[in-house]
Amino acid sequence: MSSDQPVLQDIRDKLSIRHDDVVGLNFIKATCPYFFRPHFRQGLRSHIMEILKQADVEIENRGTVVDGLRWFPRAKPTHMLRIFRTRLASIDNALAEIKRVKKVENYLGSDFIAASSEFLVDYHGPGGASIMLCGFQVYVEGEILDPWGLLGGDRLLSSLYESLHRTTACSDVHRKQWIKDVRQKAAVFVRKIMQMIAEAGYIPDLAGAGNLVVPKTGEIRLVDINNISPVVFDTEIRLDDKGYPVCDKSVEALSLVETKILGRSIDRQDRIYRFFLDPDRKRRVQIKEELFYRKAG
């Protein structure tokens, strides 16, 4: 082998991938009619690729004339492709990962999650064949809901309304009804997450940037389904595989959804909030979180 020949890299190890990387995979047809583009929000645990129609990409690049003006509308994904970075030791390991995702889907339902169809492939990488987990996920168009943002209450919901409807000159009656609908749907979202914790002992990552999206229809949709944490009531601060205290921070994010979207105080007598939002425990969680960001930085 020539010394100047490039060394092939496992796609799971690459910082980012492009269309050519995807169509070069052994399980993707070379004549694939779609274009794959990196989504603006990439996960720590997966490559997230937009699946676009070639014709829509051509219009985005070439433009289209409307009323004498040339527009360049951005191509919208039909679905998202997730390529999980985690190496799976066995089929049982892979099936356990899929089972956790399906459990979250069952509790939240299609209204509150970007549903995904997981599949396992025999990936032929530079190190030989191995099991790889992928998923085709519904694309959710909307605005990111950041529980940690400064806005709350009507100011937050009005901001989301204006961003989603692309206008400030909108009917006050329509705005108020939309805000009311969002609050009603958010209450259902919170109840479903609480039920999942109590019955299944799991919580998805609600804390990560961009993990929650609000579409025009007003429900909160979980779009990042890669990081599902067990909920254990003991003194240990459990970290995910990247060193982040995801369970504790997700419970905190859920409490912020209650206060900022529903506009109500949380029930501190509830076992979940009483345990995970205990002031001493939160201080210990903050230390773990700061250590995570120092390492990531």
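For the structure itself, consult the block above.
As the structure is a prediction and not an experimental result, all values here were calculated from the model.

Caption draft 1: Structural context of the sheet that holds strand 10 (residues 212-214). Read from one edge of the open sheet, three strands run 8-10-11, paired in antiparallel fashion. Two strands close off the open sheet at either side, each with one partner strand: strand 8 (143-144) and strand 11 (221-222).

Caption draft 2: View of the sheet that holds strand 7 (residues 128-138). An order of 1-2-5-7-6 is seen for the five strands of this open sheet, with the pairing classed as antiparallel. Lying at the two open borders of the sheet, with one neighbouring strand each, are strand 1 (34-38) and strand 6 (116-125). Pairwise comparison of adjacent strand axes, ignoring direction, gives a mean angle of 30° for this sheet. As defined by bridge partners, strand 5 (residues 79-84) adjoins strand 7 across five bridges and the pair is classed as antiparallel. Bridge assignment links H79 to a residue of strand 7, and that residue is V138.

Caption draft 3: Local environment of the pattern of salt bridges. Applying the stated criterion to the full structure yields 25 salt bridges. For R100, the salt bridge is made with E97, and the minimal N-O distance between the two is 2.8 Å. Remark: E97 and R100 occur in helix 3 (residues 91-108); sequence separation between them is three residues, near one turn of the helix. According to the relative accessible area criterion, R100 is partly exposed, its value standing at 24%. In this structure, R175 and E162 form a salt bridge, with 3.1 Å as the shortest nitrogen-oxygen distance. Here E162 lies in helix 4 (residues 153-165) and R175 lies in helix 5 (residues 172-200), a separation of 13 residues in the sequence. With a relative accessible area of 13%, R175 lands in the buried category. In this structure, a network of salt bridges that share partners links the residues D10, R12, D13 and R87.

Criteria and cut-off values
Residues numbered from 1 in each chain as written. Predicted model: local features only at pLDDT ≥ 70, side-chain atom pairs only at ≥ 80, totals over all residues. Heavy atoms only, no water. Pairing = 2+ DSSP bridges. Helix = DSSP H or I, 4+ residues; strand = E, 2+ residues; numbered from the N terminus. Axes fitted to C-alpha atoms, helices over the stretch in contact; angles between N-to-C directions. Salt bridge = Lys/Arg side-chain N within 4 Å of Asp/Glu carboxyl O. Buried < 20%, exposed > 50% of the residue type's maximum accessible area, 1.4 Å probe, protein only.

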